[in-house]
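Chain by chain, the residues run as shown.
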Amino acid sequence: MTKRLVFVAFIAATMACKSSTTSKPSGEQGRATGATAATAPVGRDAIEIALMGLGIEGRPLRIDLNQNRKGEQIRFAQAHLTGDLLLLETSEKKPRLYAFQRGTLQASWASDLMEPTAFPVASNGDTVVLVSQHYAHCLEAFTGRGALQFMSGGLEGVTMPPKDLPFTPTGGAAVGNDTFYIPSLGSPRNNKNIESFSMITGQVGWGYRAPGDILTTPVVGGPSTDPKLYFVTRTGLVTCMDATNYGFPPAGPTRWEMLLEAGVDYDVHVTEDTASDAGAVFVVDREGVVYCLNRITGARRWTHATARTARGGPKVFGPVCVVPMKQGLLAFDTVNVIYALKISGGPEDGKTRWVRSGQPATIGGVTFKLEGEVLTASGGSFRVNRNAPVERAPLYNESEVLIGTTVVQVADHGSRPLWQDKDYDAIVARIGEKLIAKKGDKLIALDMWTGEPAGDAVSVAGVRLIPVNTSSANLYLVGGNAVVYGFYPR
């Protein structure tokens, strides 16, 4: 299914900053060769100027895939991001999929698809799985060649065509180590509504019947040594299972289940573990309640009833979770243990300092920080609620800390959003302490903690596709004339 693609070098302008990244022919089947990504050329176009106008130091890269192209022009209909690749899918009935390295916009390969992708794309770093209405396309992430192979008979070692699905899929694939999982409405041969497939042969393995339809895309999370499969039913039952090999069903049916207050229409978001804590499962139900669940146990870390109606699933950008509501975007601290320190007297009189997980504050030589979910003060000598002086103490809502002549009033922020009802279409990336918001044909940088503009809006008229990037600080845009942009902060 894969053909050799030859890109034509397109930039002849002098580089203002004298830097460029150029693809080199790989000689492998399906590789794209000759594409050039140029940075900061003299006479840069309007989109590059707009990206530089976001008020963030960085460099734009650009590839024009139609420059010097003879014949029919390329036009992209969808954009996907994996951990390493930017994937662009053309608008034909049998699309062509172009792959670029995320870090450089270096062209990697191109491959043909049987039909347009219908759901989010997933990858384990080695294999990319794209699900359409009738097929699962499994492609090698490094070459774009078909990953499924015949393992016996006269065709042993030959690449198989895309997997013809024996059911109607209802979501994209979740990709594990050697197995992928797809939800469905069931099939004539069984009543399972999520099934496993080998990423080597495409063979169907074990399946599971959840007590409700699965109409969203499942996720594989956790370390590769102990991966877990997460999905949510239309009735609001969040489920965690062992993401075992397709040939070996999990020892127990589920690891945990958590029934939410209402049904769910949108995808869950699963975060990775950190050195100090397990990851989390973020989900919003039909009643507008946002949940943060422990990835390993399913226990509720926090919930918040927004009294709003969701129009999309949660997306996590570093320490901030953003949920699109019909009334506008709202954002939560992912740990959602936040304290406000209101200061009276001293050099910071009238100011309010915030303490979050991993973000302590020091006032008058006393350090306020979170230890787990407990706010503590330590260092120097201070009084709490007019008691005897101490050098260390736990603090609670409405605690008063006296540091010399400075008074600090402690207020527990609770589970309330950091900000809400911001009138933007979506957050498309996080760059440092800023979130990049899209509104129509404009982009604007927001302070991630307040949601307030951190600069002027810039016009990106002519851009058709902006994939949401939750895993790095880079920003990607695709123009209607197949010009691909990447913005890389310094």
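Provided above is the structure to which this section pertains.
For the structure given in this document, a descriptive report is provided here.

### What about the overall build of the protein?
- Within the protein one finds one helix and 44 strands.
- Relative to the globule expectation of 23 Å for 490 residues, the C-alpha radius of gyration of the protein, 25 Å, shows essentially globular dimensions.
- By principal-axis analysis of the C-alpha atoms, the protein measures approximately 85 × 60 × 35 Å.
- Burial status across the protein gives 52% buried among its 490 residues.
- A total of about 21100 Å² of accessible surface is found on the protein, and carbon and sulfur atoms cover 49% of it.
- Distance from the positive charge centre (48 side chains) to the negative charge centre (46 side chains) of the protein: 4 Å.

### Here we look at the sheet that holds strand β15 (residues 179-183)
- If you walk across this open sheet you meet the four strands as β14-β15-β16-β17, and the pairing is antiparallel. The sheet is open, and its two edges are formed by β14 (174-175) and β17 (204-208), each paired on a single side.
- Of the strand pairs in this sheet, β14 and β15 are connected by two bridges, and their pairing is antiparallel. Among the inter-strand pairings, Ala174 is bridged to a residue of β15, identified as Tyr181.

### A look at the environment of Leu86
- Turning to its location among the elements, Leu86 is positioned in strand β7 (residues 85-90).
- We classify Leu86 as buried; its relative accessible area is 0%.

### Here we look at the pattern of salt bridges
- Under the criterion given, the structure shown has 21 salt bridges.
- Arg308 is paired through a salt bridge with Asp421; the nearest N and O atoms lie 2.7 Å apart. A residue pair is termed long-range when its members are at least 10 positions apart, and Arg308 in the loop between β25 (300-305) and β26 (315-317) and Asp421 in strand β37 (residues 419-422) qualify at 113 residues.
- Of the residues examined, Arg308 reaches a relative accessible area of 17% and is grouped as buried.
- The partner of Glu348 in a salt bridge is Arg353, and the shortest N-O contact between them spans 2.9 Å.
- Relative accessible area serves as the criterion here: at 24%, Arg353 is assigned to the partly exposed category.
- Ionic contacts of the salt-bridge type, sharing partners, join the residues Asp226, Lys228, Asp242 and Arg255 into one network.

### With respect to the sheet that holds strand β20 (residues 237-242)
- Taken in spatial order, the four strands line up as β18-β19-β20-β21 in an open sheet, and their pairing is antiparallel. Edge positions in the sheet fall to β18 (219-221) and β21 (256-259), since each of these pairs with one other strand and no more. Ignoring which end each strand starts from, the neighbouring axes of this sheet average 20° apart.
- Here β20 pairs with β21 via four bridges, running antiparallel. The partner of Thr239 across the bridge, within β21, is Glu257.

### So, the pairing of β17
- Looking at chain direction, strand β16 (residues 194-198) and β17 are connected through three bridges and run antiparallel. Each residue of the ladder has a partner; that of Phe197, found in β17, is Val204.
- Linking two consecutive strands that pair antiparallel, namely β16 and β17, is a turn of five residues; a positive phi of about 80° is found at Gly202 within it.

### Considering the packing of aromatic side chains
- The final tally for this structure, using the stated rule, is nine aromatic pairs.
- Their ring planes at 85° and their centres at 5.6 Å tell us that Phe76 and Tyr98 sit as a pair that is edge-to-face. With Phe76 in strand β6 (residues 76-81) and Tyr98 in strand β8 (residues 96-101), the pair connects residues that are 22 residues apart, well separated along the chain. Here Phe76 and Tyr98 have matching classes, each one buried.
- Note on Tyr208 and Phe231: the rings are 6.2 Å apart at their centroids and 55° apart in plane angle, and the pair reads as tilted. Placement of Tyr208 in strand β17 and of Phe231 in strand β19 (residues 228-232) is noted, with a sequence separation of 23 residues between them.
- Note on Tyr208: relative accessible area 14%, which makes it buried.

Procedures and definitions
- Residues numbered from 1 in each chain as written.
- Predicted model: local features only at pLDDT ≥ 70, side-chain atom pairs only at ≥ 80, totals over all residues.
- Heavy atoms only, no water.
- Helix = DSSP H or I, 4+ residues; strand = E, 2+ residues; numbered from the N terminus.
- Rg over C-alpha atoms; globule rule 2.2 N^0.38 Å.
- Buried < 20%, exposed > 50% of the residue type's maximum accessible area, 1.4 Å probe, protein only.
- Areas by Shrake-Rupley, 256 points an atom, 1.4 Å probe, with all protein chains shown as cover.
- Lys, Arg positive; Asp, Glu negative; His and termini not counted.
- Charge placed at Lys NZ, Arg CZ, Asp CG, Glu CD.
- Pairing = 2+ DSSP bridges.
- Salt bridge = Lys/Arg side-chain N within 4 Å of Asp/Glu carboxyl O.
- Axes fitted to C-alpha atoms, helices over the stretch in contact; angles between N-to-C directions.
- Phe/Tyr/Trp six-rings, centres within 6.5 Å; stacked < 30°, edge-to-face > 60°.

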